[in-house]
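Here is what each chain is made of, one letter per residue.
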Amino acid sequence: MSKVTVVGAGNVGATCANVLVTTQVADEVVLLDIKEGVSEGKAMDIMQTASILGLNTRLKGVTNDYAATEGSDVVVITSGIPRKPGMTREELIGVNAGIVKSVTENVLAHSPNAIIVCVSNPMDTMTYLIHKVTNLPKNRIIGMGGALDSSRFKYFLSQALGANATEVEGIVIGGHGDTTMIPLTRFAAYRGIPASTLMSAEELEKVAADTMVGGATLTKLLGTSAWYAPGAAAAQVVAAVLGDQKKLISCSALLDGEYGEKDLCIGVPCILGRNGIEKIVEFNLNDEEKALFHKSAEAVHKTNAALA
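Residues numbered from 1 in each chain as written. Predicted model: local features only at pLDDT ≥ 70, side-chain atom pairs only at ≥ 80, totals over all residues. Heavy atoms only, no water.

Asks: So what's going on with empty space enclosed by the protein? Which residues, and what values?
Replies: Counted by the stated rule, this structure contains 1 cavity of 30 Å³ or more. In this model, the largest cavity occupies a volume close to 50 Å³. Along the walls of the largest cavity sit 15 residues, with Gly 145, Gly 146, Asp 149, Gly 174 and Gly 267 positioned nearest its centre. Broken down by secondary-structure element, the contributors of at least two residues to the lining of the largest cavity are helix H5 (123–134), helix H6 (145–161), strand S8 (172–174) and strand S12 (247–256). Of the residues contributing to the lining of the largest cavity, the split by class is 5 nonpolar, 8 polar and 2 charged. (1 Å grid on protein atoms, 1.4 Å probe; cavity = no way out; pocket = protein on both sides within 12 Å on 5 of 7 lines; lining within 4 Å. Points joined across faces, edges and corners; volume = space filled by probe spheres on them. Helix = DSSP H or I, 4+ residues; strand = E, 2+ residues; numbered from the N terminus. Nonpolar A, V, L, I, M, F, W, Y, C, P; charged D, E, K, R; others polar.)

Asks: Tell me about the layout of surface pockets, and please be specific about residues and values.
Replies: To find leftover empty space, one rolls a probe the size of a water molecule over the atoms. As a volume, the second largest pocket reaches approximately 520 Å³. Taken together, 21 residues make up the lining of the second largest pocket; nearest its centre are Ser 150, Lys 154, Glu 169, Gly 170 and Gln 236. Of all the elements in the fold, those that place two or more residues in the lining of the second largest pocket are H6, strand S7 (168–169), helix H9 (228–242) and S12. Here the element with the most residues in the lining of the second largest pocket is H6; it accounts for 5 residues. Counted by class, the lining of the second largest pocket contains 12 nonpolar, 6 polar and 3 charged residues.

Asks: Outline unusual backbone geometry, listing residues and values.
Replies: Backbone torsion omega between Asn 121 and Pro 122 reads -5 degrees, so that peptide bond is classified as cis. With respect to the helices and strands, Pro 122 occurs in the loop between strand S5 (115–118) and H5. The phi dihedral of Asn 64 is positive, around 55 degrees, even though this residue is not glycine. Note on placement: Asn 64 falls in the loop between strand S3 (58–63) and strand S4 (74–77). Located in the positive-phi region is Arg 191, a residue other than glycine, with phi close to 50 degrees.

Structure representation (structure tokens):
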């Protein structure tokens, strides 16, 4: 029996729960929120699709009842205030740090062996905060951001190439921010063919630029943070862990010398399996990519300093 808890029944959390249920990744999913009735209502709505879609996963919504999360294998933390147009992810740090710290302590009290997936923004800093307040082994804390950024990169690549999004390869490393993420255009490919041979340098750079402001673009259009892709990206990470998939996904991980950095969480290629982050894969970056990564790391360190 596998069990997943999603904390926060807002748009991202509810979407994550819905994807987990419809893909039947876990036997049981608990959706928890502080607002009375919201998680219960969304869980009921999702479960009313069970007979239509032939689903067997059980979803339960609860209000602030952490006892219901007992024995979770994975806990996804989406709690916190979302971005509004014109806001950076970093501007959310004050409010969200207190929320994430409280949620983490509550879930670990009932599921001390859980692997934690952090979605709350600013995501790299919130992932780092979870490390600092729990002292858990670093493999058990995963920041979702790179998975989302990479999916956006592949979307823009597929649009530019006129290709199926499932047949393009692209990965984003660095901080989960509009100016700190690094779409690795040199590694982008379509069915093994380097994207750089299929499109002009200018077209490829536009794909990278569109990826970097992908979240801000949606926030401007929607009036709030996006939720379908973020929720699905979090569910993808959960599936890789529960299914022991050994899948390479870019995630925010605590570095200890990898890529020449330490004492921060930042997006890097990770092998995800039943133990969480089972390996950090070090790509052979060129000098320009290394410089961008170190600049990104400096920005994340600066944001982390605001936690003190």
